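So the chains spell out like this:
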Amino acid sequence: MMRVTYDEVVPVERLKRPISSPHLERANGFAVRLEDEWFWFSALEPAYTFGRAGRMSVQVRSWDLVEAATEARFDNALGRDVFTLYVVDGAGVERDAATDRRIVRRFADGVSPRSSHWNP
């Protein structure tokens, strides 16, 4: 399994616009932090459900969910792609019982056994 390890996690006040070019890819969405590991998702529902389920593990004592952008750019000096996660400072998503039911239900409604993608 190939997993993105972020070279840098940068707090920001707001996200820049998404971009796709030969040297830069940036997409906006949501990031979940389980302990010290960050995971990026393009939509709220899978991000929330992942974080909520992860928190149910005895290995995870805390989790955060924030608006975020993932960025990959080629760095000539390093000779490789550099991955950056931009997290919106103070843009956490409310987590209560009503939110749990509403968001997890939307996630479940969009799951398809024919695809690894979530279809809202």
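Residues numbered from 1 in each chain as written. Predicted model: local features only at pLDDT ≥ 70, side-chain atom pairs only at ≥ 80, totals over all residues. Heavy atoms only, no water.

1. Let's talk about the environment of Ser21
Then comes step 1: For Ser21, the position within the fold is in the loop between strand E2 (19-20) and strand E3 (24-34).
Then comes step 2: For Ser21, a relative accessible area of 29% gives the class partly exposed.
Then comes step 3: Along the primary structure Ser21 and Glu67 are separated by 46 residues, whereas in three dimensions their C-alpha atoms are 22 Å apart. (Helix = DSSP H or I, 4+ residues; strand = E, 2+ residues; numbered from the N terminus. Buried < 20%, exposed > 50% of the residue type's maximum accessible area, 1.4 Å probe, protein only.)

2. Some details on helix H1 (residues 44-55)
Then comes step 1: With twelve residues, H1 extends 16 Å between its outermost C-alpha atoms, agreeing within 8% with the 16 Å of an ideal straight helix rising 1.5 Å per residue.
Then comes step 2: Packing partners of the buried residues in H1 comprise E3, strand E4 (37-41), strand E5 (63-75) and helix H2 (97-110). (Expected span 1.5 Å × (residues − 1). Contact = heavy atoms within 4.5 Å.)

3. Some remarks on the environment of Phe30
Then comes step 1: Here Phe30 lies in strand E3.
Then comes step 2: We classify Phe30 as buried; its relative accessible area is 18%.
Then comes step 3: Taking the C-alpha atoms as reference, Phe30 lies 11 Å from Leu15; in sequence the two are 15 residues apart.
Then comes step 4: If sequence neighbours within four positions are ignored, Phe30 has contacts with Phe39, Trp40, Phe41, Ala43, Leu44, Ala47, Leu65, Val66, Glu67, Ala68 and Val93.

4. Some thoughts on the packing of H1 against H2
Then comes step 1: Running from N to C, H1 and H2 cross one another at 120°; their axes reach a closest spacing of 8 Å. For the pair H1 and H2, the sense of crossing is left-handed. Contact residues: Leu44, Glu45, Pro46, Tyr48, Thr49 and Arg52 in H1; Thr99, Asp100, Ile103, Val104, Arg106 and Phe107 in H2.
Then comes step 2: Of the residues belonging to the contact of H1 with H2, the class tally is six nonpolar, two polar and four charged. (Axes fitted to C-alpha atoms, helices over the stretch in contact; angles between N-to-C directions. Left-handed = near helix turned anticlockwise from the far one by under 90°. Nonpolar A, V, L, I, M, F, W, Y, C, P; charged D, E, K, R; others polar.)

5. A closer look at H2
Then comes step 1: The end-to-end C-alpha distance of H2, which contains 14 residues, comes to 20 Å, matching closely the 20 Å that a straight helix rising 1.5 Å per residue would cover.
Then comes step 2: Looking at the buried side of H2, the elements it contacts are H1.

6. Considering the nonpolar core
Most often, soluble globular proteins have nonpolar side chains that are buried together.
Then comes step 1: Core analysis: the biggest nonpolar cluster contains eleven residues, these being Phe30, Val32, Leu34, Phe41, Leu44, Ala47, Tyr48, Val60, Trp63, Leu65 and Ile103.
Then comes step 2: Only E3, H1 and E5 provide two or more residues apiece to this core.
Then comes step 3: Look past the residues within four positions of Ile103 in its chain and what remains in contact with it is Leu44, Glu45, Tyr48 and Thr49.
Then comes step 4: Trp38, Val66, Leu85 and Val87 belong to the second largest nonpolar core, which has seven residues in total. (Core = buried A, V, L, I, M, F, W, Y, C linked by side-chain atoms within 4.5 Å.)

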